[in-house]
Amino acid sequence: MKVGYIGLGIMGRPCVLNLLKAGHQVSVWARRRESAAPLLAAGARWCDSPAELAAEVELVVTNVSDTADVEAVLLGDHGVAQGAKPGLVCVDMSTISPIGARKIAASLAEKGIDFLDCPVSGGEVGAINGTLTIMVGGKSEALEKARPALQAMGKTITHIGESGAGQVAKACNQIAVGVGVAAVAEVMKLAKACGVDPAPVREALLGGFAQSRVLDVHGQRMIDDNYAPGFKAKLHLKDMGIVLDTARELGIKLPEAERVAGLIGELVEKGEGELDSSAIARLIWEKN
């Protein structure tokens, strides 16, 4: 496929490399051209604006920071909508507001452009290995057009429902991960308080009903006291903000999500937003 990719950060760069390895023709754009250097060396083509990029591809993928950024690159001046031909499919792999995703989809539909909200789980490792879990909201016909490109970047592709549904699934994912991290931190805290080495406790739990990816990966981070980012706390805080904003708009309470968001916020306020969000374990261990 002829694919355009916008956003060449920690997730975008490896995704572009996997698209190139799969044989797709990839054009790229980012705010800083220097971020594209290794991709251009690998065979990608640079475009001077999202509009220019959209004019020459059949699929555009965005992977940027937040709802406002997605709106800017798709709908703003020199944005994708300015250069797109009817029938273009836009795939947004950012994590944004479900309500925002629906509004963007409606705006693009007026111009004959299909929009898929496709947030991902799996972090940098999943992006590098092409094993991301991709949660899709939007039309099934648009998903089938995009599937060859998505298969180059992800292992599990699940159509959740209509526009915004992919972002709903991602919000649920961020709750589960955050609350899971807090639970594993309390497991470690109890083991230590009892004078028991938490490492074999973790091994035992991994063999039973408490087994989880969070216990496996983040439990090991806690044992090693190594919080090099797989997913930065400042980004997890942004995602939890989306969760809580959505809950407020719906008039529902999510007490555990609120608690975890508070812990991640505390970590960021301490100047540790670049650490993996599992570093909230340190805060949990410090509290009585």
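Now for a quick tour of the structure. (Residues numbered from 1 in each chain as written. Predicted model: local features only at pLDDT ≥ 70, side-chain atom pairs only at ≥ 80, totals over all residues. Heavy atoms only, no water.)

With that settled, consider the pattern of salt bridges. Applying the stated rule across the entire model yields 16 salt bridges. Taking the shortest distance from any N to any O, the salt bridge between Arg32 and Glu34 comes out at 3.6 Å. Assessed through its relative accessible area of 48%, Arg32 is described here as partly exposed. Classification of Glu34 as exposed rests on a relative accessible area of 54%. Close ionic contact of Lys287 with Glu266 constitutes a salt bridge, the shortest N to O distance being 3.3 Å. Here Glu266 lies in helix α13 (residues 255-269) and Lys287 lies in the segment after α14 (280-286), a separation of 21 residues in the sequence. Each member of the salt-bridge network shares a partner with another, and the members are Arg45, Glu52 and Glu56. (Salt bridge = Lys/Arg side-chain N within 4 Å of Asp/Glu carboxyl O. Buried < 20%, exposed > 50% of the residue type's maximum accessible area, 1.4 Å probe, protein only. Helix = DSSP H or I, 4+ residues; strand = E, 2+ residues; numbered from the N terminus.)

What follows covers the environment of Ala68. Relative to the elements of secondary structure, Ala68 occurs in helix α4 (residues 67-75). For the pair Ala68 and Gly100, spaced 32 residues apart in the sequence, the C-alpha separation amounts to 8.8 Å.

Turning next to the pairing of strand β9 (residues 154-161). Note that strand β8 (residues 132-137) and β9 share 6 bridges and pair parallel. Residue pairing across strands places Ile134 opposite Ile157, the latter belonging to β9. (Pairing = 2+ DSSP bridges.)

The contact between helix α9 (residues 165-193) and helix α12 (residues 233-250) brings their axes to 9 Å, and the two run at 120°. Here α9 lies oblique to α12, going by the angle between them. As α9 packs across α12, the resulting crossing turns out to be left-handed. Where α9 abuts α12, its residues Lys170, Ala171, Gln174, Ile175, Val177 and Gly178 lie against His236, Asp239, Met240 and Val243. (Axes fitted to C-alpha atoms, helices over the stretch in contact; angles between N-to-C directions. Parallel < 35°, antiparallel > 145°, perpendicular 65-115°, else oblique. Left-handed = near helix turned anticlockwise from the far one by under 90°. Contact = heavy atoms within 4.5 Å.)

Turning our attention to the pairing of strand β4 (residues 59-62). What you see with β4 is no split at all: Leu59 and Val61 on one side and Val60 and Thr62 on the other are buried throughout. In terms of strand pairing, strand β1 (residues 2-6) meets β4 through 4 bridges, oriented parallel. In the strand pairing of β4, Gly4 is matched with Val60. Pairing of β4 with strand β5 (residues 89-92), which is carried by 4 bridges, proceeds in the parallel orientation. Within β5, the position partnered with Val61 by the bridge is Val91.

Our next topic: the packing of aromatic side chains. Applying the stated criterion across every chain, the model contains 0 aromatic pairs. Sitting over the ring of Trp285, Lys192 keeps its end group 3.8 Å from the ring centre. (Phe/Tyr/Trp six-rings, centres within 6.5 Å; stacked < 30°, edge-to-face > 60°. Lys NZ or Arg CZ within 6 Å of the ring centre and 35° of its normal.)

With that settled, the discussion passes to α4. Buried residues of α4: Thr67, Asp69, Val70, Val73 and Leu74, and no others. The buried residues of α4 occupy an angular sector of 160° when the element is viewed end-on, so they sit on one face. Residue Asp66 occupies the N-cap position of α4, its side-chain oxygen lying 3.3 Å from the main-chain nitrogen of Ala68. (Arc of directions from axis to C-beta. Polar contact = N/O pair within 3.5 Å; in protein donor to acceptor, adjacent residues only side chain to side chain.)

A few words now on helix α1 (residues 12-21). Burial within α1 is extensive, with 7 of its 10 residues counted as buried. For α1, the complete set of buried residues consists of Gly12, Pro14, Cys15, Val16, Asn18, Leu19 and Leu20. Tucked inside the fold, the buried residues of α1 contact β1, β2 (25-29), α2 (37-41), α7 (123-129), β8 and α8 (140-153). Gly23 sits one or two residues past α1 and shows a positive phi near 95°.

Core analysis: the largest hydrophobic core is formed by 58 residues, its most contacted members being Tyr5, Val91 and Met93. When near neighbours in sequence (up to four residues on either side) are disregarded, Met93 contacts Tyr5, Val61, Thr62, Asn63, Cys118, Pro119, Val120, Leu132, Ile134 and Met153. The next biggest cluster of nonpolar side chains, apart from the first, holds 25 residues, and it includes Ala182, Ala233, Ile264 and Ala279. (Core = buried A, V, L, I, M, F, W, Y, C linked by side-chain atoms within 4.5 Å.)

We now examine the side chain of Thr95. One can find Thr95 in the loop between β5 and α6 (98-109). Assessed through its relative accessible area of 11%, Thr95 is described here as buried. A polar atom in the side chain of Thr95 sits 2.7 Å from the side chain of Lys170. Excluding its chain neighbours within four sequence positions, the residues that come into contact with Thr95 are Ser65, Asp66, Pro119, Gln167, Lys170, Lys238, Asp239 and Ile242.

Counted according to the given criterion, the structure contains 0 disulfides. Here Cys47 stays unpaired: no disulfide links it, and the sulfur of Cys90, its closest cysteine neighbor, is 14 Å away. (Disulfide = S-S within 2.5 Å.)

On to the environment of Val89. By the secondary structure assignment, Val89 is in strand β5. Through-space distance from the C-alpha of Val89 to that of Val3 is 9.9 Å; in sequence the pair is 86 residues apart. Non-local contacts of Val89, meaning those with residues more than four positions away in its chain, are made with Glu58, Leu59, Val60, Asp114, Leu116, Ala142, Lys145 and Ala146.

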